[in-house]
Amino acid sequence: MIANAEDQAARPDLQILVYPAIDTTKPDWWPWRTDQGFPPPEDSPHLFAGNSSPPAFLAVSTEDGLCTAEENTEPYAARLRAVGVSVQHFVKPMGKHGHGLNGGWPEACAAWLGARGWGAVAAGEAKEP
């Protein structure tokens, strides 16, 4: 979902993106085709990042050859930071695309959420790993 200035009610409070495809023109070897339901390049989320974008937690594996940090999360994180949006960018070897809950990102995300007043960490119920 992309919220815009005309639709602030649809704006999420936070964004959590795990091995995301941010730029619909990447990777170069994968043809995103709108006739197959993929969004057109002009709808790539990084193009809509602005100072009203919600804080972001981005997780990507250095072993993911489909949605690489270099082509997706790094440019998006840089764009968000450039407009003053808080970003936690979790990048480490966690397996190939579709690594699921491997690699420690869920714990880092829980801590990130807790620091923002969400969940058990905020309520003081979480235990240290």
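For the structure given in this document, a descriptive report is provided here. Within each chain, residues carry numbers counting from 1 in the order of the written sequence. This being a predicted model, a pLDDT of at least 70 is required before a residue's local features are given, and a value of 80 or more before pairs of side-chain atoms are given or counted; all residues contribute to the totals for chains, interfaces and linings. Side-chain numbers come from the whole structure's heavy atoms, not from hydrogens or water.

**Details of the nonpolar core**
And step 1. For this analysis, a nonpolar core means a set of buried residues of the types Ala, Val, Leu, Ile, Met, Phe, Trp, Tyr and Cys, connected via side-chain atoms within 4.5 Å. Using a 1.4 Å probe on the protein chains alone, a residue whose accessible area is under 20% of its type maximum counts as buried, one over 50% counts as exposed, and one in between counts as partly exposed. Membership of the largest hydrophobic core is limited to 10 residues, which are Leu 14, Phe 57, Ala 59, Phe 90, Met 94, Trp 105, Ala 108, Cys 109, Trp 112 and Leu 113.
And step 2. Put simply, DSSP marks the helices as runs of H or I at least four residues long and the strands as runs of E at least two long, and each gets a number from the N terminus on. Elements supplying a minimum of two residues to this core: strand E2 (56-61) and helix H2 (105-115).
And step 3. The element that contributes the greatest number of residues to this core is H2, accounting for five residues.
And step 4. The contact rule is simple, with two residues in contact once any of their heavy atoms fall within 4.5 Å. When sequence neighbours within four positions are dropped, the list of residues in contact with Ala 59 reads Leu 17, Val 18, Tyr 19, Pro 20, Phe 90 and Trp 105.
And step 5. Counting residues in each nonpolar core, the second largest holds nine residues, with Ile 22, Ala 56, Leu 58 and Leu 80 among its members.

**Examining the environment of Ser 44**
And step 1. In this fold, Ser 44 is placed in the loop between strand E1 (15-18) and E2.
And step 2. Ser 44 sits in the buried class, given a relative accessible area of 1%.
And step 3. A sequence separation of 20 residues divides Ser 44 from Thr 24, and the C-alpha atoms of the two residues are 5.6 Å apart.
And step 4. Setting aside anything within four residues of it in sequence, one finds Ser 44 in contact with Ile 22, Asp 23 and Thr 24.
And step 5. A distance of 3.0 Å separates a polar atom in the side chain of Ser 44 from the backbone oxygen of Pro 41. Polar contact is defined as a pair of N or O atoms within 3.5 Å, subject to the rule that within protein one atom must be able to donate a hydrogen and the other to accept it, and that residues adjacent in sequence are counted only when both atoms are side-chain atoms.

**Concerning the pattern of salt bridges**
And step 1. When a carboxyl oxygen of Asp or Glu is within 4 Å of a side-chain nitrogen of Lys or Arg, the pair counts as a salt bridge. Tallied over the entire structure, the rule returns one salt bridge.
And step 2. Ionic pairing is found between Asp 35 and Arg 33, a salt bridge with its closest N-O pair at 2.7 Å.
And step 3. With a relative accessible area of 38%, Arg 33 lands in the partly exposed category.

**Considering H2**
And step 1. For H2, the complete set of buried residues consists of Trp 105, Ala 108, Cys 109, Trp 112, Leu 113 and Gly 114.
And step 2. Within two residues after H2, Gly 117 carries a phi angle of roughly 90 degrees, on the positive side.

**Regarding the sheet that holds strand E3 (residues 87-92)**
And step 1. Within the open sheet, the three strands sit side by side as E1-E2-E3. Their pairing is parallel. With one partner strand each, in any of the chains shown, E1 and E3 form the two edges of the open sheet. Neighbour-to-neighbour, the strand axes of the sheet open up by a mean angle of 10 degrees, direction not taken into account.
And step 2. Each axis is a line fitted through C-alpha atoms, and for a helix only the stretch in contact is used; angles between axes span 0 to 180 degrees, taken between their N-to-C directions. On top of the sheet, H2 reaches E1, E2 and E3; it is set at about 170 degrees to E2, its chief contact. Only when DSSP finds a minimum of two bridges between them are two strands counted as paired.

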